[in-house]
Amino acid sequence: MKYYQEIAIYADLELIQELLIRYDHIEVWERGFEIFKELIVDDKESCIIHWDIEKNIDYTYRLKENILGTKLCLEANGLEEDLDGLEVQFYMQRALKGIKERAEENYFFCSNV
């Protein structure tokens, strides 16, 4: 099963990348989810993969810059047949919202200093 969602974020690319690869940031934007994951930064594919080891789901994040900021795209690829699609979609919505909040908060804070 595949799921896809995206969100526009008014922050620069480097800041969002940092939020996706540092565990201290991930703990904040994932709040409420206990996911044991492995992080993979794939420079060739220009993506960051969070592999949920317990549920065998790849969450692939891709960043695309545009005039208004950055678009964060998230694709979930479930490798198991009995995957709960609603749970995956809820996690994706929560993750994207949390990343957006944290990125824009940090971006505006840094801009006003």
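Residues numbered from 1 in each chain as written. Predicted model: local features only at pLDDT ≥ 70, side-chain atom pairs only at ≥ 80, totals over all residues. Heavy atoms only, no water.

### A look at the sheet that holds strand β4 (residues 57-66)
Next up, step 1: In space, the five strands of this open sheet follow the order β1-β5-β4-β3-β2, with antiparallel pairing throughout. Unpaired on one side and paired on the other, β1 (2-9) and β2 (37-42) mark the two borders of the sheet. Averaged over all pairs of adjacent strands, the angle between strand axes in this sheet comes to 20 degrees, irrespective of strand direction.
Next up, step 2: As judged from the six bridges shared by β2 and strand β3 (residues 47-52), these two strands associate in the antiparallel manner. In the sheet register, Asp42 faces β3, and the bridge partner there is Cys47.
Next up, step 3: Contacting β1, β2, β3, β4 and β5 (69-78), helix α1 (residues 13-21) crosses the sheet at an angle of about 170 degrees to β4. (Pairing = 2+ DSSP bridges. Helix = DSSP H or I, 4+ residues; strand = E, 2+ residues; numbered from the N terminus. Axes fitted to C-alpha atoms, helices over the stretch in contact; angles between N-to-C directions. Contact = heavy atoms within 4.5 Å.)

### What about the pattern of salt bridges?
Next up, step 1: Tallying each qualifying case throughout the model produces eight salt bridges.
Next up, step 2: Among the ionic pairs, Lys97 bridges to Glu101, the shortest N-O distance being 3.6 Å. Of this pair, Lys97 and Glu101 are both found in helix α3 (residues 85-111), four residues apart, which corresponds to roughly one turn of the helix.
Next up, step 3: Judged by its relative accessible area of 36%, Glu101 is partly exposed.
Next up, step 4: Here Glu104 and Lys100 are joined by a salt bridge, their closest N and O atoms 3.0 Å apart. Placement of the pair is Glu104 and Lys100 together in helix α3, with a separation of four residues, close to one helical turn.
Next up, step 5: By relative accessible area, Glu104 is classed as buried at 17%.
Next up, step 6: Taking relative accessible area as the criterion, Lys100 reaches 24% and is therefore assigned partly exposed.
Next up, step 7: Put simply, Glu18, Arg22 and Asp24 are held in one network by salt bridges that share partners. (Salt bridge = Lys/Arg side-chain N within 4 Å of Asp/Glu carboxyl O. Buried < 20%, exposed > 50% of the residue type's maximum accessible area, 1.4 Å probe, protein only.)

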